[in-house]
Amino acid sequence: MAVTTTNNTSKKSTLPCYHCGEPCLDVNIQFDDKDFCCEGCRTVFEIINANDLCQFYDLDEKAGWNIKAKSQATYAYLDDQEVQDKLLDYADDQQARVRFEIPQIHCASCIWLLEKLYQINPGILSSQVNFLKKTVHVHYDRTQVSLRQVVELLNSIGYAPAIRLKDLDNKKKNPQEKQFFYKLGVAGFAFGNIMLLSFPEYLGLNGQLDGLFVHLFGYLNIILAIPVLFYSGRDYLSSAWRGLRRKELNIDVPIAIGVITLFTRSVFEILTHTGAGYLDSLAGLVFFLLIGKWFQQRTYHHISFDRDYRSYFPIAAHLKKGAETVSTSLDQLNVADVIVVKHEELIPADAILLNGPAKIDYSFVTGESKPIQPGVGEKLFAGGRQLGQPIEVRLSKTVSQSYLTQLWNDEAFAKDQETQASKLANRVGKYFTMVILGIAGLTLMYWLPKDPQIAINAFTAVLIIACPCAVALAIPFIFGNVLSVLGRNRFYLKNTNVIESAAEVKAVVFDKTGTLTNRASAQTSFIGETLSLEEASIVRSIVSKSEHPKSKAIAAYLAKSSSDSNTTIDLESWEEHTGKGLSAAINGKNYKLGSASWLNLPKDTPAGVYLKIDEIIQGYFRIQHELRSGAVALLDYFKNQGNVHLLSGDDNQEANLFTAHLSKQNMHFQQSPHDKLSFVKRLQEADQVMMIGDGLNDAGALKQSDVGIVITEDTNNFTPASDAILASEVFQKLPLFLEYAKRSIRLVYGAYIFAFIYNIIGLSFAVQGLLAPVVAAVLMPLSSISIALYGLASSSFLAWKMDLKGSRETGL
């Protein structure tokens, strides 16, 4: 493959660059019978071609990003360990995960190529692109590739990450980019000055002015309008063009057609001296569009702020204060605090291991379930789950609930179902645009033979006033505020899709222990040989390391009967067998506490938690739970909605608590986590299923269900497999919360009706040529703002009406 370089300084080449699509103006580089505008584009093509990834160019024309005249960045600083610690989301000896902002992401080809990085460098395990946020999450093997090499690879193919280390330590981030305000300022400045220069025309004084001044004012208006169109309005034009190239009609297509039509018609009139044009309308349109966009961003930021920082997760950590351990909310933890992380609990922030045999499962972060066993003094990362005995860690960073939000929304835990309301929103937006383009075209054809000026005015007015963005705003503003209201009432939803999915649920599955039953009100007794003080202390030490409701009940029972309830015994080994029981060893003796079936006892053995020391059964703990306050009303509510089932890993000792509310065939005991998962799958063959559990043994069933809700108390048992988290203190309000979510869907339909009526009225004037473009330019963003205000006001009023006002200070 020969490389040929041709200088075109005397005659500019119009050949498009094969990589980026821009014209080869100065230098035409030919390689493999293809033309390139610079060495950078040719090099990127070589890399893509060498790795058999040329489908990149088939997905989208002008797929590549032009890197001409860009200096080569140096990334030696990425070899510094302190820099890596700031950038990496997770790292161990084998692998690491990092997230980069990639401003160059602009089309489907970018996504395709960036998610094929593993083909270019086998050291990259996977890469996932978030198109809306323009970020890529890279998971790589540290034994094969370094962080610096990952960044250099991205840079070599034209996607250099925007790395701003100073931004990583900022406590507060401005939600508005400076570029947006520059665009808003340019549009506002131009709008005001174009109106000033057009003032004589408004008063009908053009005839009294010298023709030179009239023409001069027109030329000045063109100069002012150019940056409005190509700078302030660039985002709308680019979005519309990308949509058309993908053969999609997005909401920016009518806007782009409107502003281009206004600009073209105005320039033609001014240059031909046949009129003053409509550049004031153009500038006003873009200015009001940006004002509407600013309003949207402010509202979105407000909602996001509530979700990310206002006790987003009702979870707490076990903070050590001297010899005591107290439950403390995450927002009150600081760097250098020492916390205890028990079995199955998440590490809430990056920390250093102080003591304890750590066995950390990073599957929520890396996707791999193989636990690692770091030593004392090693770094532990947020999102890891401890398996085994409790460990003590010292926090090296503040708790990042936004990181847990990212973990909760990871694609590994996404549900595939697309709800009916989402389909409706997509369909409405698409057909709305098609109908408006049709009406605009018919209006133009009707008026063009009669009066070209009225035709242009009517055509642009239709395109401007009937933008479907009002329809598109209904769901984010209404559902976004619903999420905020529910969050203030301590019911935390993962995203707006949960609202729509919950409305379609026809079958509900409950876990029993810790969900329908109350941990704190358990009546516990021991049946069997009286335990010695030493044996009681050992058993209490064993169960105190577990967060299972039965373990907590036994620990509380033994603490009451002991004078040294604050002391625990160091065990030689400890393990929790999910759905079965606990095992430990000390002083040469083996202890087991668990179900009769796990200890191979006869089937007619009384139900309880049995204690086995070596090979001798000492007796069993009989635990009588009480139903949570509101559990009966909750069961009755869901029975009226559809089928209700009970799944429990325990025996049927407490079946009598539910016989008055559930039929025997709907109660299933001694269910393993796998049994629960299989049961949910079977139910889904006929209905949408909601699973409600405590998150300890229900992760598989929660993920499989269409809606998974975790009930949490004072423990860090958050699981990314859930779709919603409910604080136990408001358990009895779950029906109220779900009714509020369902009724909010009606508000969306109300917004659609509102937008429909608004557009019918506006279009009736526009098609007759009675609506001036400047009036339409004002009314169009006002329609968007009115939808936003409707969404916020209606959902807030509904919450007030249902007594869901909620305090912003509510939280742990």
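All values reported here derive from a predicted model rather than from experimental measurement. (Residues numbered from 1 in each chain as written. Predicted model: local features only at pLDDT ≥ 70, side-chain atom pairs only at ≥ 80, totals over all residues. Heavy atoms only, no water.)

K.L.:
When you look at the sheet that holds strand E15 (residues 391-395) in this model, what are you seeing that I'm missing?
P.N.:
Paired through backbone hydrogen bonds, the strands of a sheet run either parallel or antiparallel to each other. Pairing within the open sheet is antiparallel, and its six strands lie in the order E9-E8-E10-E15-E11-E13. Two strands close off the open sheet at either side, each with one partner strand: strand E9 (324-329) and strand E13 (379-380). Here four bridges tie strand E11 (residues 351-355) to E15, and the two strands are oriented antiparallel to one another. Of the residues in E15, the one forming a bridge with Asn355 is Glu392. (Pairing = 2+ DSSP bridges. Helix = DSSP H or I, 4+ residues; strand = E, 2+ residues; numbered from the N terminus.)

K.L.:
Would you take a moment to explain the environment of Ile47 for this structure?
P.N.:
Positionally, Ile47 belongs in helix H1 (residues 39-50). Separated by 109 residues in sequence, Ile47 and Ser156 place their C-alpha atoms 8.4 Å apart. Non-local contacts of Ile47, meaning those with residues more than four positions away in its chain, are made with Ile120, Ser156 and Ile157. (Contact = heavy atoms within 4.5 Å.)

K.L.:
How should the environment of Tyr77 be read in this particular structure?
P.N.:
Mapped onto the elements of the fold, Tyr77 is located in the loop between helix H2 (55-59) and helix H3 (81-87). When its relative accessible area of 32% is taken as the criterion, Tyr77 is described as partly exposed. Expressed as a C-alpha distance, the spacing of Tyr77 and Arg148, which sit 71 residues apart in the sequence, is 8.2 Å. (Buried < 20%, exposed > 50% of the residue type's maximum accessible area, 1.4 Å probe, protein only.)

K.L.:
Whenever I open this one, the pattern of salt bridges confuses me. Can you help?
P.N.:
Opposite charge on two side chains allows them to pair when their charged atoms are near. As enumerated under the stated definition, the model contains eight salt bridges in all. One salt bridge in this structure joins Glu152 and Arg148, with 3.0 Å as the shortest N-O distance. Placement of both Glu152 and Arg148 in helix H6 (residues 147-156) is noted, with a separation of four residues, approximately one turn of the helix. Owing to a relative accessible area of 31%, Glu152 belongs among the partly exposed residues under this scheme. (Salt bridge = Lys/Arg side-chain N within 4 Å of Asp/Glu carboxyl O.)

K.L.:
Looking at this structure, how should I read the packing of helix H21 (residues 533-543) against helix H22 (residues 549-560)?
P.N.:
Packed helices, taken two at a time, are described by the angle their axes make and the gap between the axes. Between H21 and H22, whose axes approach to 9 Å, the crossing angle comes to 145 degrees. Relative to H22, H21 is oriented so that their crossing is left-handed. Between H21 and H22, the residues in contact are Ala536, Val539, Arg540 and Val543 and Ser551, Ile554, Ala555, Leu558 and Ala559, respectively. For the contact of H21 with H22, the class distribution of residues is seven nonpolar, one polar and one charged. (Axes fitted to C-alpha atoms, helices over the stretch in contact; angles between N-to-C directions. Left-handed = near helix turned anticlockwise from the far one by under 90°. Nonpolar A, V, L, I, M, F, W, Y, C, P; charged D, E, K, R; others polar.)

K.L.:
Help me out: how do you make sense of the pairing of strand E24 (residues 643-647) in this one?
P.N.:
Within a regular beta strand, the side chains point alternately toward one face of the sheet and then the other, so they alternate between its two faces. Of all the five residues making up E24, four are buried; the element is thus mostly covered by neighbouring parts of the structure. Sheet analysis places strand E17 (residues 507-511) next to E24, joined by five bridges and oriented parallel. Residue pairing for E24: Val508 is matched across the bridge by Val644. The pairing of E24 with strand E25 (residues 667-668) spans two bridges and is classified as parallel. Following the sheet pairing, Leu646 is matched in E25 by Met667.

K.L.:
Is there a simple way to explain the nonpolar core in this structure?
P.N.:
One broad trend across soluble globular proteins is that nonpolar side chains are buried collectively. The biggest cluster of nonpolar side chains holds 55 residues, and the ones touching the most others in it are Phe491, Phe510, Phe638, Met690 and Ile709. Residue contributions to this core peak at 11 residues, all from helix H26 (residues 734-766). Those residues in contact with Phe638 that lie beyond four places of it in its chain are Val508, Phe510, Val644, Met690, Ile692, Leu734 and Leu738. Ranked by size, the runner-up nonpolar core spans 52 residues in total, among them Ala96, Ala358, Ile391 and Leu395. (Core = buried A, V, L, I, M, F, W, Y, C linked by side-chain atoms within 4.5 Å.)

K.L.:
Can you walk me through the packing of aromatic side chains in this structure?
P.N.:
The geometry of an aromatic ring pair comes down to the distance between the two centres and the angle between the two planes. All chains considered together, the criterion is met by 13 aromatic pairs. Among the aromatic residues, ring-to-ring pairing joins Phe510, Tyr637 and Phe638 into one connected group. Over the ring of Trp447 we find Lys450; its NZ or CZ atom is 5.9 Å from the centre of that ring. The side chain of Lys592 reaches across the aromatic face of Trp598, ending 5.3 Å from its centre. (Phe/Tyr/Trp six-rings, centres within 6.5 Å; stacked < 30°, edge-to-face > 60°. Lys NZ or Arg CZ within 6 Å of the ring centre and 35° of its normal.)

K.L.:
Teacher, can you tell me more about helix H24 (residues 673-684) here?
P.N.:
Each turn of an α-helix holds 3.6 residues, which means side chains three or four residues apart point in the same direction. Between its terminal C-alpha atoms H24 stretches 17 Å, which fits the 16 Å expected from 12 residues at 1.5 Å a residue. Within the span of H24, buried status applies to Lys676, Phe679, Val680 and Leu683. All buried residues of H24 fall inside an arc of 100 degrees around its axis, so they share one side. Exposed side chains of H24 directed beyond 90 degrees from the buried face belong to His674 and Arg682. (Expected span 1.5 Å × (residues − 1). Arc of directions from axis to C-beta.)

K.L.:
Hey, could you run me through the side chain of Ser705 in this one?
P.N.:
If you trace the backbone, Ser705 turns up in the loop between helix H25 (699-704) and strand E27 (707-712). Look at Ser705 and you get buried, because its relative accessible area is 0%. There is a polar contact of 2.8 Å between the side chain of Ser705 and the backbone oxygen of Leu702. (Polar contact = N/O pair within 3.5 Å; in protein donor to acceptor, adjacent residues only side chain to side chain.)

K.L.:
Help me understand H6 in this model?
P.N.:
Every buried residue belonging to H6 is among Leu147, Val150, Val151, Leu153, Leu154 and Asn155, and all of these are buried. Looking one or two residues beyond H6, the residue adopting positive phi is Gly158, at roughly 90 degrees.

K.L.:
When you look at the side chain of Gln618 in this model, what are you seeing that I'm missing?
P.N.:
Take Gln618: it is sitting in strand E23 (residues 616-627). Excluding anything up to four places from it in sequence, Gln618 contacts Phe526, Gly528, Glu529, Leu531, Leu611 and Ile613.

K.L.:
Looking at this structure, I do not really get the confidence of the model for the protein chain. What am I missing?
P.N.:
When pLDDT is low, close inspection of the predicted coordinates is not appropriate. For the protein chain, per-residue confidence averages 76 on the pLDDT scale, and 75% of positions sit at 70 or higher. Within the protein chain, strand E1 (residues 3-7) has the poorest average pLDDT of any element, 49, and E15 the best, 91. Segment residues 7-13 is flagged for pLDDT under 50; beyond a separation of four residues in sequence, or across chains, it makes 15 contacts in the model. In the predicted structure, residues 305-311 sits below a pLDDT of 50 and forms 20 contacts with residues beyond four places in sequence or in another chain. (pLDDT = per-residue confidence, 0-100.)

K.L.:
Where do I start with the pairing of strand E10 (residues 338-341) in this structure?
P.N.:
Residues Val338 and Val340 point to one face of E10 and Ile339 and Val341 to the other, with burial holding for every one of them. Looking at chain direction, E10 and E15 are connected through four bridges and run antiparallel. Following the sheet pairing, Ile339 is matched in E15 by Val393.

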